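# Coordinates in review
Read off the chains here:
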Amino acid sequence: MLDSKVPAGPLAEKWSKHKFEMKLVNPANKRKFTIIVVGTGLAGASAAASLAELGYNVKTFCYQDSPRRAHSIAAQGGINAAKDYQNDGDSVFRLFYDTIKGGDYRAREANVYRLAEVSTNIIDQCVAQGVPFAREYGGLLDNRSFGGAQVSRTFYARGQTGQQLLLGAYSALNRQIQKGKVQSYTRHEMLDLVKVDGQARGIITRDMVTGKIEAHEGHAVLLCTGGYGNVFFLSTNAMGCNITAAWRAHKRGAFFANPCYTQIHPTCIPVTGDHQSKLTLMSESLRNDGRVWVPKTTELAAKLRKGELKAADIKEDDRDYFLERKYPSFGNLVPRDVASRNAKEAVDDGRGVGKSGVAVFLDFADAIQRLGEDTVRAKYGNLFDMYYQITDENPYKQPMRIYPAVHYTMGGVWVDYNLMTTVPGLYALGECNFSDHGANRLGASALMQGLSDGYFVIPYTVGDYLAKLGNFNPVDKNHPAFEQTRQEVEQKINALLALKGEKTVDDIHKELGHIMWEYCGMARTAEGLTKAKGLIQELKKEFWSNVKVLGENEELNMSLEKAGRVADFIELGELMVDDALNRRESCGGHFRLESQTEEGEALRIDEEFTYVSAWEYTGDDQPEVLHKEELVFENVKLTQRSYK
Amino acid sequence: MSSKSKPVLSSSIGKKLIMSLTGLFLCTFLVIHLIGNLQLFKSDDGYAFNNYAYFMTHFTPIKVVSYLLYASIIIHAVYAIVLTMNNRKARPIGYKQYDGQSNSKWNSRNMGILGTIILVFLATHLQNFWWKYHNDQVPYVEYRKDLSTGAITTYELQAADFTEYSVITDNGVEVTKARNLYKQVDFAFQNIGLVALYVIAMAALAFHLIHGFGSAFQTIGFNHKKYVPIIRFLGVWIFGIIIPIAFALMPLYFYFIK
Amino acid sequence: MSAHMNLTLKVWRQKNDKSKGQFVTIQANDIADDMSFLEMLDIVNDDLTRKGEDPIYFDHDCREGICGMCSLVINGRPHGPKYGITTCQLHMRSFHDGQTIVIEPWRAAAFPVLKDLAVDRTSFDRIQQAGGYVNVNTGGAQDANNILIPKRIADEAFESATCIGCGACVAACKNASAMLFVSAKISQFALLPQGQTERYERAQAMVDQMDAEGFGNCTNTGACEAECPKGIKLTNIARMNREYLTAKFFREEDIHN
């Protein structure tokens with residue numbers, strides 16, 4: 001049985017009480033401990049900096065050429081915090097409640113409450129670091145309402161909040177690098193976890209420039225490696241985002257939780273062709289003023305697709321503003337999962353627009369008429385420019401075309417309240433873990449969670465572990481486990497390099513993406529998922545027999561890097577399908593067609609599925625074993641989400 | 001962060017500061033030089049100009065400033081070479097294709113070439129006038145100025161009749177004996193080659209200063225949205241256009257008109 | 001709707017940092033104009049891989065113009081022929097059928113080539129490590145609204161802070177100077193109240209590190225500003241100069257022990 005280690009007591013006191021009860025490491029002893037941090041995004045950089053400040057020795061690893069390039073940098077919209085600066089009735093409990101509800105009651109109450117509680121500290125911390133948040137004329141911090149929240153609690157730095165927060169964390173990290181407390185390894189990829197006597201004691205990395213396989217030892221390992229959206233090949237993730245570090249840790253005993261919870265973001269630029277390498281998100285703030293519509297009839301849509309008609313030619317009466325029609329109170333601002341699903345429905349209905357027919361309109365004509373083009377430009381200018389660059393269409397003159405795209409993965413490595421995985425000494429932070437967003441993440445919550453984990457949770461909880469570990473427990477570099485794991489990694493690399501088939505790694509990755517998107521995307525059925533499982537197993541066979549990996553290990557080798565990652569994605573894909581099959585309810589981003597209300601909304605089956613699915617790896621080609629962590633709700637009442 | 005830091009002049013910004021300050025100093029000199037030399041255009045057979053030349057070479061404060069000036073020219077050139085070598089080292093392998101005109105002005109990228117032209121010009125210029133003036137290689141002149149009418153009559157002086165610059169007033173007539181730099185100017189500018197060099201050099205100076213004047217202010221950190229337009233205006237109109245044209249007119253005037 | 005084109009690429013190929021490189025001519029056929037430039041390279045690489053040839057290594061990651069990883073000097077211009085975007089935001093409609101495209105890595109002594117078109121930009125990290133931060137520990141920060149920052153100051157600091165650290169400024173500069181990059185960070189903290197305590201040490205430390213990395217000297221050509229995908233302004237360099245010189249001439253001697 002999985003123990004979430006949630007402390008007893010009233011919700012609001014759990015964290016303070018827990019902080020007191022946790023053991024501390026003597027300041028003089030902290031320097032005897034080494035902590036490995038994999039990934040340098042918001043979670044990784046903030047954790048590494050904070051731990052180094054405390055006196056621990058920290059080693060950070062990232063595959064990019066600089067810690068600053070982690071994909072947190074691409075987050076646009078903002079970061080939530082229950083500051084209630086706007087006096088509009090926000091509170092820690094309200095942020096907690098919104099997040100739990102937004103996650104469709106599939107997150108752990110205590111974690112979410114803690115997240116809301118420390119959210120305010122995050123803003124203070126970031127401002128102290130010099131993060132240039134948007135300000136009002138009087139010099140106070142500005143807030144906006146985001147993602148349909150009823151209060152203005154989102155702090156932002158124009159459309160580049162993630163960038164500014166990451167640069168803040170990166171600067172804190174740099175300070176510790178300068179002080180010699182952090183050793184930063186860039187262009188290094190973690191390829192395995194080293195366990196000694198059941199505890200995480202190190203990692204095996206590959207220096208991507210020289211190919212050198214290195215063992216790094218430490219008393220604790222923090223996985224801050226982000227999500228697995230790239231299993232779909234096309235996503236809003238960066239090209240390099242991958243599951244490899246987390247997956248290899250999973251294979252070493254870390255349970256993987258809720259892999260089927262993926263977030264499909266509604267406002268992305270549609271796919272143009274097979275050549276497409278990634279999808280571009282446009283901030284959800286666009287839905288504040290843009291109106292989503294498709295033609296009422298398939299005939300009109302067909303004419304639009306052929307170019308016989310332009311959007312402007314469609315009369316008002318012939319347009320279906322489907323979000324406004326179906327959700328009069330939230331309109332275009334319904335949560336992401338709802339907006340995405342409805343766009344898919346319209347397209348499946350044959351009413352999609354654009355050349356491919358796989359898009360809906362996001363129209364600013366009304367906003368431009370109401371506010372003037374200048375005001376619209378001031379609010380969304382950079383997004384409109386971005387759209388224009390990519391599509392060569394002017395969104396001031398014609399409606400944008402948008403379509404949902406994979407954006408975030410709520411699932412991830414299972415962690416307890418202390419963010420520790422099922423492997424002692426191995427932690428997972430940020431998007432890499434499964435913990436706080438349940439089945440659907442709200443806008444402006446990812447940045448909050450990454451920084452909460454890194455700045456304000458892990459410094460305490462990892463200390464508790466290390467204190468109990470004691471300083472009489474140095475890591476033995478010469479333990480055979482290091483050499484053995486290193487050899488296993490080398491064997492795997494050699495196996496990949498020996499593949500001299502016909503297909504490129506990208507070919508296989510694209511095929512995997514198609515399978516996942518088709519059967520494990522916005523709408524899922526038992527039948528489709530079963531089919532997908534078979535297809536993935538075949539694909540896996542094909543990968544290991546017919547893929548072509550060029551070059552050698554001792555060089556910058558793109559095809560080797562990709563091959564290792566895709567091999568892991570394939571295995572993860574299968575687990576996602578298993579998880580989606582197991583969860584016969586609909587919740588948040590996971591929509592099972594078999595489980596919907598009469599109005600076609602997601603229908604949860606609380607009595608059966610109010611649990612976290614945590615999967616245990618049992619061996620190659622063995623079925624993974626499901627463990628359940630029951631979710632207990634003492635402070636909120638489970639209701640059907642309604643945005644009517 | 002440590003407060004121990006490298007000495008200012010060994011830093012990139014320190015070296016740039018030197019370029020900036022010497023450059024600006026040379027700019028102010030240009031203004032003075034031009035104002036003085038405008039006297040070449042007077043039709044007084046060089047009376048005013050030659051007096052001015054004497055004043056400029058014998059008035060102690062100005063002499064001090066002139067040494068500063070020579071030093072500035074040398075430092076400006078030496079630092080330019082040092083910085084250019086640094087810059088070369090900063091990009092050991094160049095681009096096969098480099099589209100500079102898409103992102104910057106031609107003159108800003110070629111300050112070294114422009115500066116070299118100016119330096120060559122300066123050497124010729126100093127040799128022709130400064131050196132000759134200081135080494136008794138210019139003719140002599142005697143001006144007799146009727147103080148009541150202001151009329152000036154000019155006599156050539158032989159070297160034997162000249163001991164030193166003197167101004168004597170005798171019976172309402174002011175007698176000035178001086179080195180005739182004016183004559184030397186007139187003589188030198190009958191050489192079309194030299195005239196051409198001067199005109200080319202002034203064009204180079206124009207482009208050098210259109211970039212250099214504003215650039216000097218940027219280097220010392222003076223970039224303010226209110227004042228930068230003024231600096232740009234001065235840089236283009238005064239230093240880029242009026243001054244070089246006025247200087248260029250001098251050889252042209254002597255060659256074509258005098 | 002989308003037109004297809006055939007292109008001739010002249011690409012810098014270099015096995016590693018120790019070997020000498022050279023230009024290699026590669027054909028890119030049937031390229032759609034709605035592809036991004038990097039997608040075009042993906043296709044070229046796919047073809048190379050199928051033929052068993054080493055794909056062209058280039059740095060890229062987010063492909064939405066924010067991570068700063070992509071580089072490439074394309075036909076003599078960092079990030080290609082358009083202004084205000086990164087290479088990953090460049091689309092093939094900016095080129096025409098039959099065109100020859102020269103693709104080179106960033107060229108600077110401080111950015112050694114690692115392989116093909118990828119360069120090592122850790123010098124930028126070291127400059128940031130020298131002082132690109134506010135000395136503040138996690139925890140115990142005062143309430144965020146206790147620090148009032150006028151909107152115009154916050155906006156100006158933000159403009160400086162948007163630098164993505166791609167290095168196009170260095171690549172564009174005829175002197176391979178990094179001053180635009182360094183000045184952006186110095187400016188952000190010089191403007192904000194949080195950065196005041198170490199304002200002058202920061203300027204000195206970061207400029208020292210910049211010089212130590214072997215970047216060239218700024219000659220104010222403005223190429224960096226023109227090619228910066230994020231529109232970082234030359235005023236930052238002026239501010240850095242001001243900060244540095246003020247530090248050197250007026251602030252350094254304040255301390256007598």
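Cut-offs applied
Residues numbered from 1 in each chain as written. Chains lettered and ligands numbered in written order. Predicted model: local features only at pLDDT ≥ 70, side-chain atom pairs only at ≥ 80, totals over all residues. UniProt positions renumbered as here; feature names shortened; annotations may be inferred. Helix = DSSP H or I, 4+ residues; strand = E, 2+ residues; numbered from the N terminus. Buried ≥ 20, exposed ≤ 12 C-beta atoms within 10 Å, placed from the backbone. Contact = placed C-beta atoms within 7 Å. Pairing = 2+ DSSP bridges. Axes fitted to C-alpha atoms, helices over the stretch in contact; angles between N-to-C directions. Nonpolar A, V, L, I, M, F, W, Y, C, P; charged D, E, K, R; others polar. pLDDT = per-residue confidence, 0-100. Expected span 1.5 Å × (residues − 1). Domains from an automatic or database assignment. Core = buried A, V, L, I, M, F, W, Y, C linked by C-beta atoms within 7 Å. Left-handed = near helix turned anticlockwise from the far one by under 90°.

The name given to chain C in an unreviewed UniProt entry is Succinate dehydrogenase/fumarate reductase iron-sulfur subunit, with the source organism recorded as Sphingobacterium olei. The UniProt entry for chain C carries the following comment under Sequence similarities (unreviewed entry): "Belongs to the succinate dehydrogenase/fumarate reductase iron-sulfur protein family."

The name an unreviewed UniProt entry assigns to chain B is Succinate dehydrogenase cytochrome b subunit, from the organism Sphingobacterium olei.

### What about the overall build of chain C?
Secondary structure summary: chain C contains 8 helices and 7 strands in total. On the principal axes, the C-alpha backbone points of chain C span a range of 65 × 40 × 35 Å. Residue burial in chain C is summarised as follows: out of 257 residues, 66% are buried. Counting only contacts in chain C whose residues sit at least 6 apart along the sequence, the fraction spanning at least 24 positions is 70%.

### Regarding unusual backbone geometry
With a phi angle near 60 degrees, F233 of chain A is a residue other than glycine that sits in the positive phi range. Tracing the chain through its elements places F233 of chain A in the loop between β9 (220–223) and α7 (244–251). Overall, F233 of chain A belongs to the buried group, with 24 C-beta atoms counted inside 10 Å. One non-glycine residue, R63 of chain C, lies in the positive phi region at around 55 degrees. Relative to the elements of secondary structure, R63 of chain C occurs in the loop between α1 (37–50) and β3 (73–74). Judged by C-beta crowding, with 25 C-beta atoms within 10 Å, R63 of chain C ranks as buried.

### Things to note about the sheet that holds strand β12 (residues 291–295) of chain A
Residues and elements named next belong to chain A. The antiparallel open sheet is built from 5 strands, whose spatial order is β11-β15-β14-β12-β13. Both outer strands of the open sheet, β11 (262–268) and β13 (319–320), are each paired with one neighbouring strand and no more. Pairing of β12 with strand β14 (residues 360–363) involves 3 bridges; the strand directions are antiparallel. If you follow W293 over to β14, its bridge partner there is F361. The strands touched by helix α10 (residues 336–351) are β11, β12, β14 and β15 (400–409); relative to β11, the strand with the most contacts, the crossing angle is about 70 degrees.

### A word on the sheet that holds strand β19 (residues 625–630) of chain A
Residue and element names in this part refer to chain A. One open sheet accounts for 4 strands, arranged β16-β10-β18-β19; its pairing is antiparallel. Every interior strand has two partners, whereas the edge strands, β16 (412–413) and β19, have only one. Pairing geometry for strand β18 (residues 611–616) and β19, over 6 bridges, is antiparallel. Its bridge partner being in β19, W615 is matched across the sheet by L626. Running at roughly 145 degrees to β18, helix α17 (residues 558–582) makes contact with β10 (256–257), β18 and β19 of the sheet.

### Let's talk about the pairing of β15 of chain A
All names here are of chain A. Burial of β15 is extensive: 10 of the 10 residues sit out of reach of the surface. Across 5 bridges, β11 lies against β15 in antiparallel orientation. Residue C268 lies in a different strand from β15, and its bridge partner there is Y403. Relative to β15, β14 is paired through 3 bridges, and the arrangement is antiparallel. Bridging across to β15, F361 finds its partner in R401.

### Quick notes on the UniProt feature "transmembrane region" (unreviewed entry) in chain B
Residue and element names in this part refer to chain B. In the UniProt entry, the feature "transmembrane region" (unreviewed entry) is given for residues 21–41, 61–82, 111–131, 187–210 and 231–256. The distance separating the terminal C-alpha atoms of residues 21–41 is 31 Å; by composition the span is 81% helix and 0% strand. Summarising residues 187–210: 88% helix, 0% strand, and an end-to-end C-alpha distance of 31 Å.

### As for the interface of chain B and chain C
Contact residues are listed per partner, giving 40 residues for chain B and 47 residues for chain C. Listed by contribution, the elements that provide at least two residues to the side of chain B that touches chain C are α1 (12–37), α3 (60–90), α4 (106–109) and α7 (192–219) of chain B. When grouped by side-chain class, the residues that make up the side of chain B that touches chain C number 13 nonpolar, 19 polar and 8 charged.

### Comments concerning the confidence of the model for chain B
The share of residues in chain B with pLDDT of 70 or more is 99%, and the mean pLDDT across the chain is 94. Averaged over each element, pLDDT in chain B is lowest for strand β3 (residues 166–170) of chain B (92) and highest for α7 of chain B (97).

### Comments concerning helix α16 (residues 526–546) of chain A
Residues and elements named next belong to chain A. Taking 1.5 Å as the rise per residue, α16 with 21 residues should run 30 Å; its terminal C-alpha atoms sit 29 Å apart, in good agreement. All of the buried residues along α16 are G528, L529, A532, K533, L535, I536, L539 and F543. Lining the buried residues of α16 we find α15 (505–519) and α17.

### What about the environment of R592 of chain A?
Residue and element names in this part refer to chain A. Looking at the element boundaries, R592 is found in the loop between α17 and α18 (606–609). C-alpha separation for the pair R592 and I515, spaced 77 residues apart in sequence, amounts to 16 Å. Setting aside residues up to four positions removed in sequence, R592 forms contacts with R524, T525, R584, E585 and S586.

### With respect to the domain arrangement of chain B
Residue and element names in this part refer to chain B. In terms of domain boundaries, chain B breaks down into domain 1 (8–90 + 105–135 + 181–257) and domain 2 (140–179). A C-alpha centroid distance of 32 Å is found between domain 1 and domain 2. Taken together, the contact pairs 9 residues of domain 1 with 8 residues of domain 2. Put simply, the parts of the chain that give the side of domain 1 that touches domain 2 at least two residues each are α2 (47–58) and α6 (181–188). Looking at which element gives the most residues to the side of domain 1 that touches domain 2, the answer is α2, with 4 residues. Taken together, the residues of the side of domain 1 that touches domain 2 break down into 4 nonpolar, 2 polar and 3 charged.

### Some details on the nonpolar core
Formed by 310 residues in total, the largest nonpolar core has its most connected members in V38, L222, L223, V360, V413 and Y427 of chain A. It is α17 of chain A that contributes the most residues to this core, 12 residues altogether. Discounting residues that sit within four places of it in the chain, Y427 of chain A has contacts with A220, L222, L223, V415, L419, M420, T421, I458 and V462 of chain A. Counting residues in each nonpolar core, the second largest holds 28 residues, with F189, Y198, M202 and L205 of chain B among its members.

### A few points about the environment of N26 of chain A
All names here are of chain A. Of note, N26 is situated in the loop between α1 (11–21) and α2 (27–30). Among the residues examined, N26 registers 10 C-beta atoms within 10 Å and is labelled exposed. Taking the C-alpha atoms as reference points, N26 and D578, 552 residues apart in sequence, are found 45 Å from one another.

### Notes on the interface of chain A and chain C
If you look at the interface, chain A gives 65 residues, while chain C gives 68 residues. Listed by contribution, the elements that provide at least two residues to the side of chain A that touches chain C are α3 (42–54), α5 (109–129), α6 (161–178), α12 (373–391), α13 (446–469) and α17 of chain A. Per-class residue counts for the side of chain A that touches chain C are 24 nonpolar, 26 polar and 15 charged.

### What about the packing of α3 of chain B against helix α5 (residues 111–134) of chain B?
Residue and element names in this part refer to chain B. For the pair α3 and α5, interaxial distance at closest approach is 11 Å and the crossing angle is 145 degrees. As α3 packs across α5, the resulting crossing turns out to be left-handed. Of the residues in α5, those touching α3 at I73, A77, A80 and T84 are G112, G115, L119 and L122. Of the residues that constitute the contact of α3 with α5, the class distribution is 5 nonpolar, 3 polar and no charged.

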